[in-house]
Amino acid sequence: MDLFGNNFEEQGSSLNFENEEVRNMSMESERIAREINSAFVAHDHGDVGDQNDDAADDDGVQEDDKLNYKDYAKYGVVMMRMLLLAMMAKTVMGVYVSDYGTDDLLVSYDVVSLFTNVPLDDTIHIIAEKAFENNWFNEQYGLSIDKQGLIDLLTIATKNQLFQYDGNLYEQVDGVAMGSPLGPLMANVFMCNIEDTLQYANKMPAFYRRYVDDTIVFMPTHDSAHHFLNILNESHHSINFTMEIASNNSINFLGMVIYKNSSSLETRVYKKPTNKGLLLHYESHVDNKYKRNLVLTMLDRAFKLSSTNEIFEKEAKEIELMFLRLKYPQNLINNIIRDFMQSKRLSLIHI
């Protein structure tokens, strides 16, 4: 029994190579490895920038030298993508499963501005340490890079980011750049390392689910919820967590409402109090396929976030009324809902 009053049992990672998403990650990382090797081979054979061998700028810098630097920056990005995808397939993501008590509280924790507060130097060294555990990264992808070389590539790919504001040029001194394709991957590695550290110290609650910077947890008491918040805020000086405790056994989380109903959970679509249902009007000058797909998108969202058929049927009725107010023809809405339900029934049959 841990300090949160729960019988702790680690069930292992929710990511494994039986999971289609992780298989896709592995395939993507292998594709990037081939791209890196091909690029370096081309560079060694002189295929990169050959046609510019005689070109020089006013400072006498050869054009292919400029291309070489850009190439190495590119290699750093693709190398990092490959490494992080592989690490995500190997890392226990901090997802732990156990039964929760009927009196337990639903609690959510959120990291304030995670991406811009990811400590780059720390995260790069975390990646490098994991990559060279038993040299698995080189052996897995047929590479021969050393640890310092990997650190240099990751530094080129992530640091010294420049941006312009109000006519002035600024350098981002830490944190991943917003919009960077490496942002979610690096943030996840950093968060996983925090979770691994807390898990090793037996400070993780028994029921823990995280998506990027949002976490849902079960806690036995308000005191334990606040205690875990303190633990999270002491885990690293660069990030800060906030907490929300369920009210009337329900909590809003990732676009849905989660209800704790005795020993089970129910979910439905979350709608903000300011939501007026103002979507694309049917009389808008937009191709009809976009209007049809908008109805399908709303249905699919409701289907995936509704834990029971009854909840989905209620959501579908609300969607129907919303699109009727937007002047969508009743026949069109009925046909879309019928086709959607038919496709889901066929999918369930094939499963």
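Refer to the structure printed above.
Now for a quick tour of the structure. (Residues numbered from 1 in each chain as written. Predicted model: local features only at pLDDT ≥ 70, side-chain atom pairs only at ≥ 80, totals over all residues. Heavy atoms only, no water.)

## Observations regarding the packing of helix α9 (residues 288-305) against helix α10 (residues 309-325)
Between α9 and α10, the shortest axis-to-axis distance is 9 Å and the interhelical angle comes to 155 degrees. Judged by the inter-axis angle, α9 sits roughly antiparallel to α10. Judged by the twist between their axes, the crossing of α9 over α10 is right-handed. Within the contact between the two elements, α9 uses Leu-294, Val-295, Met-298, Leu-299, Ala-302 and Phe-303 and α10 uses Phe-312, Glu-315, Ala-316, Ile-319, Met-322 and Phe-323. The residue inventory of the contact of α9 with α10, partitioned by class, reads 11 nonpolar, no polar and one charged. (Axes fitted to C-alpha atoms, helices over the stretch in contact; angles between N-to-C directions. Helix = DSSP H or I, 4+ residues; strand = E, 2+ residues; numbered from the N terminus. Parallel < 35°, antiparallel > 145°, perpendicular 65-115°, else oblique. Left-handed = near helix turned anticlockwise from the far one by under 90°. Contact = heavy atoms within 4.5 Å. Nonpolar A, V, L, I, M, F, W, Y, C, P; charged D, E, K, R; others polar.)

## A look at the sheet that holds strand β9 (residues 264-269)
Taken together, three strands build an open sheet; the order of strands is β7-β8-β9 and the sheet is antiparallel. In the strand order of this sheet, the two ends are held by β7 (250-253) and β9, each with one partner. The mean angle between the axes of side-by-side strands here comes to 25 degrees, regardless of whether they run parallel or antiparallel. (Pairing = 2+ DSSP bridges.)

## With respect to the side chain of Thr-123
In this fold, Thr-123 is placed in helix α4 (residues 120-131). What makes Thr-123 buried here is its relative accessible area of 0%. Leaving out residues up to four positions away in the same chain, Thr-123 has contacts with Val-118, Met-186, Val-189 and Phe-190. (Buried < 20%, exposed > 50% of the residue type's maximum accessible area, 1.4 Å probe, protein only.)

## A look at the side chain of Ser-306
As for its placement among the helices and strands, Ser-306 is situated in the loop between α9 and α10. Residue Ser-306 is classed as buried on the basis of its relative accessible area of 11%. From its side chain, Ser-306 meets the backbone oxygen of Ala-302 in a polar contact 2.6 Å long. Those residues in contact with Ser-306 that lie beyond four places of it in its chain are Thr-267, Ile-311, Phe-312 and Glu-315. (Polar contact = N/O pair within 3.5 Å; in protein donor to acceptor, adjacent residues only side chain to side chain.)

## Some thoughts on α10
Every α-helix carries 3.6 residues per turn, so stepping three or four residues along brings you back to the same face. When the terminal C-alpha atoms of α10 are compared, their 24 Å separation across 17 residues agrees well with the 24 Å that a helix rising 1.5 Å per residue should span. The complete set of buried residues in α10 reads Ile-311, Phe-312, Glu-315, Ala-316, Ile-319, Glu-320, Met-322 and Phe-323. Lys-327 sits one or two residues past α10 and shows a positive phi near 70 degrees. (Expected span 1.5 Å × (residues − 1).)

## Things to note about the pattern of salt bridges
A side chain with one charge can pair with a side chain of the opposite charge if their charged atoms come near. Tallied over the entire structure, the rule returns 11 salt bridges. Arg-210 serves as the salt-bridge partner of Glu-195, at 2.4 Å between the closest nitrogen and oxygen. Pair noted here: Glu-195 is in helix α7 (residues 183-200) and Arg-210 is in strand β4 (residues 208-211), with a separation of 15 residues, a long-range link. A single burial state applies to Glu-195 and to Arg-210, both of which are buried. Arg-338 is the salt-bridge partner of Asp-339, the closest N and O atoms lying 3.3 Å from each other. Overall, the relative accessible area of 34% leaves Asp-339 in the partly exposed class. A network of salt bridges, in which partner residues are shared, links Lys-271, Glu-315 and Glu-318. (Salt bridge = Lys/Arg side-chain N within 4 Å of Asp/Glu carboxyl O.)

## Thoughts on the pairing of strand β5 (residues 214-219)
With five of six residues buried, β5 lies mostly within the body of the structure. Judged from the four bridges that link them, β4 and β5 form a sheet pairing that is antiparallel. Each bridged residue has a counterpart across the sheet, and for Arg-210 the counterpart in β5 is Thr-215. Count of turn residues in the β4/β5 antiparallel hairpin: two residues, of which Val-212 carries a positive phi of about 60 degrees.

## A few points about the environment of Asn-138
Structurally, Asn-138 is set in helix α5 (residues 136-141). Excluding residues that lie within four positions of it along the chain, Asn-138 makes contacts with Phe-132, Leu-143, Ser-144 and Ile-145.

## Quick word on the layout of surface pockets
Taken as a whole, the second largest pocket spans an internal volume of roughly 330 Å³. Together, 17 residues line the second largest pocket, and Lys-271, Asn-275, Met-298, Arg-301 and Met-322 are the ones closest to its centre. Contributing elements (two or more residues each) for the lining of the second largest pocket: α9 and α10. Ranked by residues supplied to the lining of the second largest pocket, first place goes to α10 with five residues. (1 Å grid on protein atoms, 1.4 Å probe; cavity = no way out; pocket = protein on both sides within 12 Å on 5 of 7 lines; lining within 4 Å. Points joined across faces, edges and corners; volume = space filled by probe spheres on them.)

## Some points on the packing of aromatic side chains
Aromatic rings considered in pairs are described by the distance between their centres and by the relative angle of their planes. Within this structure, the stated rule accounts for 10 aromatic pairs. With a centroid separation of 5.7 Å and an interplanar angle of 20 degrees, the aromatic rings of Phe-163 and Tyr-170 are classed as stacked. A relative accessible area of 39% places Phe-163 in the partly exposed class. Both rings, one in Phe-207 and one in Phe-218, keep their centres 4.8 Å apart while their planes meet at 75 degrees; by these two values the pair is edge-to-face. With a gap of 11 residues between them, Phe-207 in the loop between α7 and β4 and Phe-218 in strand β5 connect regions that are remote in the sequence. An aromatic cluster is present here, built from Trp-136, Phe-137 and Tyr-141 joined pairwise through their rings. Sitting over the ring of Phe-207, Arg-209 keeps its end group 4.6 Å from the ring centre. Directly above the ring of Tyr-282 sits Lys-291, whose terminal nitrogen or CZ lies 4.7 Å from the centroid. (Phe/Tyr/Trp six-rings, centres within 6.5 Å; stacked < 30°, edge-to-face > 60°. Lys NZ or Arg CZ within 6 Å of the ring centre and 35° of its normal.)

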